Amino acid sequence: MVDGTGHLQTVSRKTNPLYWDLINTFGKRTGIPMLLNTSFNENEPIVCTLEEAIECFLRTQIDVLVLGSYYVARSMKMLSTSSEEVSYSIFSLS
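First, a word on what this report is: a plain description of the structure on this page. Note that the coordinates shown come from a computational prediction; the quantities given were computed from them, not determined experimentally.

Describing the overall build of the chain
At step 1: The secondary structure content of the chain amounts to 2 helices and 3 strands.
At step 2: Its helices and strands in sequence order give the chain the pattern α-α-β-β-β, from N to C terminus.
At step 3: For the chain, with 94 residues in total, the buried portion stands at 13%.
At step 4: Looking at the chain as shown, the accessible area adds up to about 7,900 Å², and 56% of this sits on carbon and sulfur atoms.

Section: unusual backbone geometry
At step 1: Unlike most non-glycine residues, Asn-43 shows phi in positive territory, near 55°.
At step 2: Here Asn-43 shows up in the loop between α1 (17–30) and α2 (50–59).
At step 3: Judged by relative accessible area, which is 82%, Asn-43 ranks as exposed.

Overview of the pairing of strand β1 (residues 64–67)
At step 1: One ladder, built from 4 bridges, connects β1 with strand β2 (residues 70–74); its direction is antiparallel. Among the inter-strand pairings, Val-64 is bridged to a residue of β2, identified as Ala-73.
At step 2: Here β1 folds back onto β2, and the loop between the two strands holds 2 residues, one of which, Gly-68, carries a positive phi near 60°.

Re α1
At step 1: In this model, α1 (14 residues) spans 20 Å end to end at C-alpha, consistent with the 20 Å of a helix rising 1.5 Å per residue.
At step 2: Looking at the residues trailing α1, positive phi occurs at Gly-31, about 80°.

Re the environment of Leu-22
At step 1: Structurally, Leu-22 is set in helix α1.
At step 2: Expressed as a C-alpha distance, the spacing of Leu-22 and Gly-68, which sit 46 residues apart in the sequence, is 9.7 Å.
At step 3: Ignoring sequence-local partners within four residues, the contact set of Leu-22 consists of Leu-35 and Val-66.

Quick look at α2
At step 1: Taken as a whole, α2 has its buried residues at Ala-53, Cys-56 and Phe-57. Projected down its long axis, α2 carries its buried residues within an arc of 100°, all on one side.
At step 2: Where α2 is buried, its residues contact β1 and β2.

Definitions and limits used
- Residues numbered from 1 in each chain as written.
- Predicted model: local features only at pLDDT ≥ 70, side-chain atom pairs only at ≥ 80, totals over all residues.
- Heavy atoms only, no water.
- Helix = DSSP H or I, 4+ residues; strand = E, 2+ residues; numbered from the N terminus.
- Buried < 20%, exposed > 50% of the residue type's maximum accessible area, 1.4 Å probe, protein only.
- Areas by Shrake-Rupley, 256 points an atom, 1.4 Å probe, with all protein chains shown as cover.
- Pairing = 2+ DSSP bridges.
- Expected span 1.5 Å × (residues − 1).
- Contact = heavy atoms within 4.5 Å.
- Arc of directions from axis to C-beta.

Written as structure tokens, this is what we have:
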């Protein structure tokens, strides 16, 4: 439901160092030290497991998926409907 509101949440390095590092790195690279957190799903229940996250990423046009210390990015070829041209890169953030 769209109601025009937002809820600010802060993250400390002490309580969630991995997420804090992600936000901090994003801030250094973009000049914007914040991320938008939204529900992770597309026409289905909200993603709750690693397997569901990967399935949703592969099935949709999501550009990037961060799973713990891994960053999964689609190549531009993935916009094609041919499964033979599907490719993605996985990088460790640590």
